[in-house]
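Structural description and commentary
Listed here are the chains, written in short residue letters.
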Amino acid sequence: GENVEQHPSTLSVQEGDSAVIKCTYSDSASNYFPWYKQELGKRPQLIIDIRSNVGEKKDQRIAVTLNKTAKHFSLHITETQPEDSAVYFCAASDSSGYALNFGKGTSLLVTP
Amino acid sequence: KAGVTQTPRYLIKTRGQQVTLSCSPISGHRSVSWYQQTPGQGLQFLFEYFSETQRNKGNFPGRFSGRQFSNSRSEMNVSTLELGDSALYLCASTPGSGPAYNEQFFGPGTRLTVL
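Notes on the structure follow. If you're wondering where the values come from, they're calculated on a predicted model, not measured in any experiment. (Residues numbered from 1 in each chain as written. Chains lettered and ligands numbered in written order. Predicted model: local features only at pLDDT ≥ 70, side-chain atom pairs only at ≥ 80, totals over all residues. Heavy atoms only, no water.)

1. Considerations on the state of the cysteines
Overall, the coordinates contain two disulfides over all chains when judged by the stated rule. Here C23 of chain A pairs with C90 of chain A through a disulfide, and the sulfurs are 1.9 Å apart. Given an S-S torsion of about -100 degrees, the disulfide between C23 of chain A and C90 of chain A has left-handed geometry. Note that C23 of chain A is positioned in strand β3 (residues 19-25) and C90 of chain A in strand β9 (residues 86-93), a separation of 67 residues in sequence. Note that C23 of chain B is cross-linked by a disulfide to C91 of chain B, the S-S spacing being 1.9 Å. Between C23 of chain B and C91 of chain B the sulfur-sulfur dihedral comes to about 70 degrees; the bridge is accordingly right-handed. With C23 of chain B in strand β3 (residues 19-24) and C91 of chain B in strand β9 (residues 87-94), the pair connects residues that are 68 residues apart, well separated along the chain. For C23 of chain B, a relative accessible area of 0% corresponds to the buried category. What makes C91 of chain B buried here is its relative accessible area of 0%. (Disulfide = S-S within 2.5 Å. Helix = DSSP H or I, 4+ residues; strand = E, 2+ residues; numbered from the N terminus. Buried < 20%, exposed > 50% of the residue type's maximum accessible area, 1.4 Å probe, protein only.)

The following block contains the structure:
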């Protein structure tokens, strides 16, 4: 499938700080961009998503921004808490509309 | 509603064998996707089924195949297992039109170890 690049691969922040994870995609037909959180030993769960007709979306401490021209989108977590520690995956829909291409994940560690 | 279930949860096989994994989606969901998850590689898309039709397939060899039944349950099969097939295999079900439009709900995964 098309490439989705995700950076950084690991991120360590102190409790209360902000965390930013960035993704770029190559398929210009992508129009749906979800973010999933996977805690250790658990299944991935959707935390927020954005569609191509929206530039920014916010849900409490989590926000996602999308720049379709530059083909990149970012996850912003403010006031981080230890329970935010997990692996975060970005994804982009492919041109068929029947698949998501995932980034390789960012392991976020929030230290008290 | 009950969540996505996968069986078996753990499997140990030897090289050259074949394996079949099963996924039961959330009731009412007709789209089922399969992913291979390995450390450092994220979730790699295998295939997606909707109403018994494979609509998309990822870049995996032909040893990986799948199918979907009329009740939306899905199976994937890996033949002639290789050591590199050791991974967590996740399935996900999606309501409505499919994964490019709606949230995917993941199962707990099947941990496959190939010796």
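2. Topic: the environment of G66 of chain B
Residue and element names in this part refer to chain B. Position of G66 relative to the elements: it lies in strand β7 (residues 64-68). Classification of G66 as partly exposed rests on a relative accessible area of 27%. C-alpha separation for the pair G66 and L83, spaced 17 residues apart in sequence, amounts to 20 Å. G66 has contacts with F47, Y49, E75 and M76, leaving out every residue within four places of it along the chain. (Contact = heavy atoms within 4.5 Å.)

3. Here's the deal with the side chain of N56 of chain B
Relative to the helices and strands, N56 of chain B is located in strand β6 (residues 53-57). When its relative accessible area of 14% is taken as the criterion, N56 of chain B is described as buried. A distance of 2.8 Å separates the side chain of N56 of chain B from the side chain of D94 of chain A, its partner in a polar contact. Within the local environment of N56 of chain B, its side chain forms a polar contact with the side chain of S96 of chain A, the two groups lying 2.7 Å apart. Apart from the residues lying within four places of it in its own chain, the contact partners of N56 of chain B are D94, S96, Y98 and A99 of chain A together with F45, F47 and E48 of chain B. (Polar contact = N/O pair within 3.5 Å; in protein donor to acceptor, adjacent residues only side chain to side chain.)

4. Topic: the sheet that holds strand β1 (residues 4-7) of chain A
Residues and elements named next belong to chain A. Taken together, five strands build an open sheet; the order of strands is β1-β3-β8-β7-β6 and the sheet is antiparallel. Edge positions in the sheet fall to β1 and β6 (56-59), since each of these pairs with one other strand and no more. In this sheet, neighbouring strand axes are inclined to one another by 15 degrees on average, regardless of whether the strands run parallel or antiparallel. (Pairing = 2+ DSSP bridges. Axes fitted to C-alpha atoms, helices over the stretch in contact; angles between N-to-C directions.)

All we've got here are geometric facts, nothing functional implied.
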